[in-house]
Structure formats: C-alpha cells, structure tokens
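The lines below spell out each chain.
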Amino acid sequence: MKDGKFITLGIETSCDETSIAVTAEGREILSDIISSQIAVHTKFGGVVPEIASRHHLQNINGVLDQALSEAGISLAEVDLIGVTNGPGLIGAVVIGVATAKALSLAAGIPLVGVNHMHGHVSASYLQYPELEPPFLALIVSGGHTNIVEVTDYNRCRVLGGTRDDAVGEAYDKVARVVGLGYPGGPKVDRAAKDGDPEAVRFKRVYLENGSLDFSFSGLKTQVLNYINRERMAGREVNVADLSASFQQAMLDVLVDKTMLAAEQTRADRLVTAGGVAANSRLRQMLAEACGARGIRLYMPEPVLCTDNGAMIAAAAYYKYRMQGPDDLSLDAYANLPL
Ligand SMILES: Nc1ncnc2c1ncn2[C@@H]1O[C@H](COP(=O)(O)OP(=O)(O)OP(=O)(O)O)[C@@H](O)[C@H]1O
Ligand SMILES: [Mg+2]
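Remember, it's a predicted structure, so these values are computed and weren't measured experimentally.

Enquirer: Could you give an account of the environment of Ala192, with specific residues and numbers?
Expert: Of note, Ala192 is situated in helix α6 (residues 184–192). Taking the relative accessible area as the measure of exposure, Ala192 reaches 8% and is therefore buried. Along the chain, Ala192 and Arg321 lie 129 residues apart, while their C-alpha atoms are 43 Å from each other. Setting aside anything within four residues of it in sequence, one finds Ala192 in contact with Ala240, Ser243, Ala244 and Gln247.

Written out as structure tokens, the structure reads:
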C-alpha cells in the first residue's frame, strides 16, 4: 500500500518487450517501463525466440529497478504481483514467471498469472476510468485476431477468430515481401498514408455467410502474385499503393465483421486491443463505423495497444479481486486459451 492505495506490479515478457509497470488501485499508471528488443531482432527480419529469452534475462532486473524507482515505490509497498504466464514464446514467458515467483517468495507478496490476451483487453481500463464490462472487444495482435464478448473482468466468450494468419502476422509478412522490413505493421501503416487504397483490387475473404471468423493467409499470396506479375512485366511496384491496397482489403473485412458482431450481440460499446489497434487507418475506419451506428468506441493510445506491463497489472488486479492469488506452482504456457 502507498498512501492508502493498492499497488500492483505487472510483468510482461511474452514476446520481444521486457516490460514492468506499477499501478495504483488497478487503473492508475505510476510507471510503465518498456524495454524493446526491436533493434536486436531487426537484422533477422523477425523475433528470434532464444535471443528474446536471453535479452529478457539480461534486462529484467534493470527494468524492475526502473519501474519501482520511477513510481517512487519500494518492493515492500507492493500488494500484488501480476505476470503474463501465457500465451507467448515459452522461453520468454518463463523468464517473467520465474522472476515473479522469486519476488513473490522473497518479499511475501501474492502472485497471479495473467493471460496475455486478457492483458491486452484490460489496457482500456487504464485509459478509460469509467469503462466496465460487459462490452464487445476486437483483439488484433501479432499472434491473435478475435472478436470477443467480455462478460466480466475475468471472463469472455469468443465469437470469432482467424482460421490461419493473425492480422499482425499478415502485416509483418507483407512488409517483408514488399521490402519494408520488421516490425511490419507500423511500417505498412506509414507507407499506406501516401498510397491509394483503390490502386490494386485484392479479394476480400468473408467465409460463410454470417461467420465472424477470418482468413488472411490468401491475401499474402495475392500480394506475392501481384508483385511477381508486375516484376515479370518490367514494372516497378509502388510500395505506398500496394501497402494501402493490402491494408484496406484486410481492414474492410475486419471492420465489417466487427460491426456484424455488434449487431448480432446488440453491443453498444466496442473496445479495441492488441498491437494492430495502434494502426491509424483501422482507428479511423472504426471511428466512422461506430459513429454511424451509435456505438461508443474505446481505443487505448498506441503505447497501451502493444505489449506493456501496465495492461498486465490491470488484468491482475481484477483477477486477484475475483479469484484470489495463484500459488507458487504457477506454470508458463506457450498456448493458453482466452
Ligand atoms: N501501427 C500499426 N499498424 C499495424 N500493425 C501494427 C501497428 N503497430 C504494431 N502493429 C503490429 O502489432 C503486432 C505486435 O502487437 P502485439 O505486441 O500485441 O503482438 P504480440 O504480443 O507479438 O502477439 P500476441 O499479443 O498475439 O501474443 C505486430 O504484428 C505489429 O506489426
Ligand atoms: Mg501482445
């Protein structure tokens, strides 16, 4: 406790960000330190799991010290430790979980394991103090694409998901193919701003009538085929036009299906979550679609969309209040369902 407020430490190491945050009363961010490994993985064109684990191991104590000192909190004042225990790169998740357990045991602080995807959804609680479940959520990240009904702080019902590539994965793959490099999403986002979304007409894949599932793997093949055709014909590919056209084809389906889900569940509130929720075109399209239907839209700022410790602390706070602590047998999982 600090000044009568419940203090949570949130630890996130599931991919290539070593992040630790301190929150007060679940929703107030006192510090959120994010040590990104982007520079390390860029030369390999993507995240190399073993290198990610080693960097978490090297960085985590420094990130912890920084998170506590920036928040002006001592470890003795921490009431709860929340840690991502899946899904993610297993070697990376293990570093966070082992750190959390050691701290919990040494300082006698309760511990809870957090599903990384619940963490993404909980990012909005940090930005919107009035937001409470139930609501509809669109989760779009590097490894996941889901439309879910969040029925309570710690419970949700999956309405639809991708049958192959996640949206972030499609962004990253296409960025590599067109030569924009890693991390792909932000680079395609930037390039698309100068391009014409109608320049290349890619097929939109909607699957069965009324389905809330997605399939994005074919779009990558369409992009590849287009590039090959243009090169064979001796024409230079316009990266801005291609980026804008690819992005529009994917986002059209994403936004249409999210609106269909809102209609099917009569939702009047939509929360966006995950790294791709930082995308400027998606934000613009959702704002228009929700505005036209009277749906209130909650979009956390970009730094809260990508992986961070604060969202894990927010999720941990509510999980602890509803279910109590986990014990020290807490395990780490590469796959962990929502
Ligand atoms: N502005 C943007 N536009 C599009 N995509 C973006 C943008 N910013 C980040 N991304 C994408 O978001 C993904 C990273 O998000 P996030 O950190 O949530 O994913 P992850 O943690 O790797 O996966 P998961 O959360 O599913 O385990 C990457 O695929 C990245 O390209
Ligand atoms: Mg993530």
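Enquirer: Can you tell me about the UniProt feature "domain: Gcp-like" (unreviewed entry) in the protein, naming the residues and giving the values?
Expert: Mapped onto the present numbering, the UniProt feature "domain: Gcp-like" (unreviewed entry) falls at residues 28–313. Helix makes up 51% of residues 28–313 and strand 17%, whereas the separation of the span's terminal C-alpha atoms amounts to 10 Å.

Enquirer: Go over the packing of helix α7 (residues 217–232) against helix α8 (residues 239–265) with me, naming the residues and quoting the values.
Expert: Packing of α7 against α8 leaves a shortest axis separation of 11 Å and a crossing angle of 155°. Comparing their axes, α8 and α7 come out roughly antiparallel. Two packed elements cross with a definite hand, and for α7 against α8 that hand is right-handed. Here Leu219, Val223, Tyr226 and Ile227 of α7 lie close against α8, whose contacting residues are Leu242, Phe246, Ala249 and Met250. Considering only residue class, the contact of α7 with α8 consists of eight nonpolar, no polar and no charged.

Thresholds, definitions, all that
- Residues numbered from 1 in each chain as written.
- Chains lettered and ligands numbered in written order.
- Predicted model: local features only at pLDDT ≥ 70, side-chain atom pairs only at ≥ 80, totals over all residues.
- Heavy atoms only, no water.
- Helix = DSSP H or I, 4+ residues; strand = E, 2+ residues; numbered from the N terminus.
- Buried < 20%, exposed > 50% of the residue type's maximum accessible area, 1.4 Å probe, protein only.
- Contact = heavy atoms within 4.5 Å.
- UniProt positions renumbered as here; feature names shortened; annotations may be inferred.
- Axes fitted to C-alpha atoms, helices over the stretch in contact; angles between N-to-C directions.
- Parallel < 35°, antiparallel > 145°, perpendicular 65-115°, else oblique.
- Left-handed = near helix turned anticlockwise from the far one by under 90°.
- Nonpolar A, V, L, I, M, F, W, Y, C, P; charged D, E, K, R; others polar.

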